[in-house]
Amino acid sequence: MKLGAQFYTLRNRAATPEGLRECFKTMHGIGYDNAQMSAICKVEPEYLRDLSEEFSLPIVCTHSPFDRITDDTDALIREHKIYGCPVIGLGGMPGEFRGSVDGAREFIRRISEPMKKINDAGLKFAYHNHAFEFANEGKPVYDILIEEAPELNFILDTYWIKYAGHDMLAYIRKIGAARMQNVHFKDMKSEPKGDICPCGDGVIDFRPVIALCDELGIPNALVEQDNAPDLGDEFLQMKSSHDFLRPIF
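Predicted model only: the values in this text are computed from it and were never measured.

S.K.: Can you walk me through the overall build of the chain in this structure?
M.R.: Per the secondary structure count, the chain includes 10 helices and 10 strands. Computed over its C-alpha atoms, the radius of gyration of the chain comes to 17 Å, within 12% of the 18 Å expected for a compact globule of 249 residues. Principal-axis analysis of the C-alpha atoms gives the chain an extent of 45 × 40 × 35 Å. Here the chain holds 249 residues, and the buried ones make up 53% of them. Sequence-distant contacts in the chain: of pairs separated by 6 or more residues, those separated by 24 or more amount to 76%. Looking at the chain as shown, the accessible area adds up to about 10400 Å², and 49% of this sits on carbon and sulfur atoms.

Pasting the structure below:
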């Protein structure tokens, strides 16, 4: 399993092309193996390709806007192929679909055509969870997505699964390596619904998660810390997470 950096953590620093380059340089220097692009400044895909190659950080996933996924699919596919990214990810379903099984099924309907285009192009489309997918009554929306959208892939977020009160290991097994290439590693300061913190500073035990991902053949863990810009130096927090996790890998 490889250890990557989710650039959403660094979004304030990656707000300009120069800042983005500094993020690549620093994550490489810390020792991360790869990266996910999310909430970065707008740059040409060739620029991302060049940064990825210069700093030996393959881009393994993105979070892309829903409207680009649905309305600009072909261009989005071309861009991902330019910088060699195999997974087009969505950070969460728009609010209009949240809160009910019917909404989840309408979301599945809306993404079916772009997802087919993405799959036919040799890429994968993956969904990133929060906690709201578990908040509806009855069967969780997350289970509906897993069971009723068999072509859909997933980016499982460890923190949000725990925040929702569910078993992240059970969901990793349920989804499996064929439908999940990336897992987000995000720690929780205290139970049951504590703040996000650097990996190693909280209560989540990542050892069994890593062991299970290795067992199943899930290739990437990506460190994501949503609140890093509010807590001080994002680079130092990403280094703290890396230095805690690296010996476990």
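S.K.: Hey, could you run me through the layout of surface pockets in this one?
M.R.: Think of a ball as big as a water molecule: rolled over the atoms, this probe shows where empty space is left. Of the voids in this model, the largest pocket is the one considered here, and its volume is about 590 Å³. Lining of the largest pocket is provided by 24 residues; of these, Ile40, Cys41, Pro65, Arg68 and Glu79 occupy positions nearest its centre. For the lining of the largest pocket, the secondary-structure elements that each account for two or more residues are α2 (45–54), β3 (59–63), α3 (66–71) and α4 (73–82). Looking at the lining of the largest pocket residue by residue, the classes come out as 13 nonpolar, seven polar and four charged.

S.K.: Just checking my understanding: could you explain the nonpolar core for this structure?
M.R.: As a rule of thumb, soluble globular proteins bury nonpolar side chains together. Formed by 76 residues in total, the largest nonpolar core has its most connected members in Phe7, Phe24, Met27 and Leu156. In terms of residues, this core owes the most to one element, helix α5 (residues 101–120), which gives six residues. The contact partners of Phe7, leaving out residues within four places of it in the chain, are Leu20, Cys23, Phe24, Met27, Ala35, Gln36, Met37, Ser38 and Ile40.

S.K.: Explain helix α10 (residues 234–245) here, please?
M.R.: Structurally, the α-helix is built with 3.6 residues per turn, so residues lying three or four positions apart point the same way. If you check α10, its first and last C-alpha atoms are 17 Å apart, about what 12 residues at 1.5 Å a residue would give, namely 16 Å. Of the positions making up α10, those classed as buried are Glu234, Phe235, Gln237, Met238, Ser241, His242 and Leu245. One side of α10 carries all its buried residues, which in axial view fall inside an arc of 165°. Two to three positions downstream of the cap, the backbone nitrogen of Phe235 sits 2.8 Å from a side-chain oxygen, assigning the N-cap of α10 to Asp233.

S.K.: Would you mind showing me how to read helix α6 (residues 141–148) here?
M.R.: In terms of residue burial, α6 counts as a mostly covered element, since six of its eight residues are buried. Among the residues of α6, those classed as buried are Val141, Tyr142, Asp143, Ile144, Leu145 and Ile146. Buried positions along α6 lie against α5, β5 (124–128), β6 (153–157), α7 (158–163) and α8 (168–175).

S.K.: I'm lost on the packing of α4 against α5 in this one. Help?
M.R.: Packed helices, taken two at a time, are described by their axes: the angle between them and the distance between them. Across the interface, α4 lies against α5 with an axial gap of 10 Å and an inter-helix angle of 30°. For α4 against α5, the interelement crossing comes out right-handed. Of α5, the residues touching α4 (which contributes Thr73, Asp74 and Ile77) are Pro114, Lys117 and Ile118. When its residues are assigned to classes, the contact of α4 with α5 shows three nonpolar, one polar and two charged.

S.K.: Hey, could you run me through the pattern of salt bridges in this one?
M.R.: Oppositely charged side chains may form a pair once their charged atoms are brought near each other. Following the criterion strictly, the structure yields 22 salt bridges and no others. A salt bridge links Glu191 to Lys162; its shortest N-O distance comes to 3.1 Å. Placement of the pair is Glu191 in the loop between β8 (187–188) and β9 (196–197) and Lys162 in helix α7, with a sequence separation of 29 residues. Here the residues in one salt-bridge network are Lys139, Asp143, Glu147 and Lys174, joined through shared partners.

Criteria and cut-off values
Residues numbered from 1 in each chain as written. Predicted model: local features only at pLDDT ≥ 70, side-chain atom pairs only at ≥ 80, totals over all residues. Heavy atoms only, no water. Helix = DSSP H or I, 4+ residues; strand = E, 2+ residues; numbered from the N terminus. Rg over C-alpha atoms; globule rule 2.2 N^0.38 Å. Buried < 20%, exposed > 50% of the residue type's maximum accessible area, 1.4 Å probe, protein only. Contact = heavy atoms within 4.5 Å. Areas by Shrake-Rupley, 256 points an atom, 1.4 Å probe, with all protein chains shown as cover. 1 Å grid on protein atoms, 1.4 Å probe; cavity = no way out; pocket = protein on both sides within 12 Å on 5 of 7 lines; lining within 4 Å. Points joined across faces, edges and corners; volume = space filled by probe spheres on them. Nonpolar A, V, L, I, M, F, W, Y, C, P; charged D, E, K, R; others polar. Core = buried A, V, L, I, M, F, W, Y, C linked by side-chain atoms within 4.5 Å. Expected span 1.5 Å × (residues − 1). Arc of directions from axis to C-beta. Polar contact = N/O pair within 3.5 Å; in protein donor to acceptor, adjacent residues only side chain to side chain. Axes fitted to C-alpha atoms, helices over the stretch in contact; angles between N-to-C directions. Left-handed = near helix turned anticlockwise from the far one by under 90°. Salt bridge = Lys/Arg side-chain N within 4 Å of Asp/Glu carboxyl O.

Keep in mind these values describe shape, not function.
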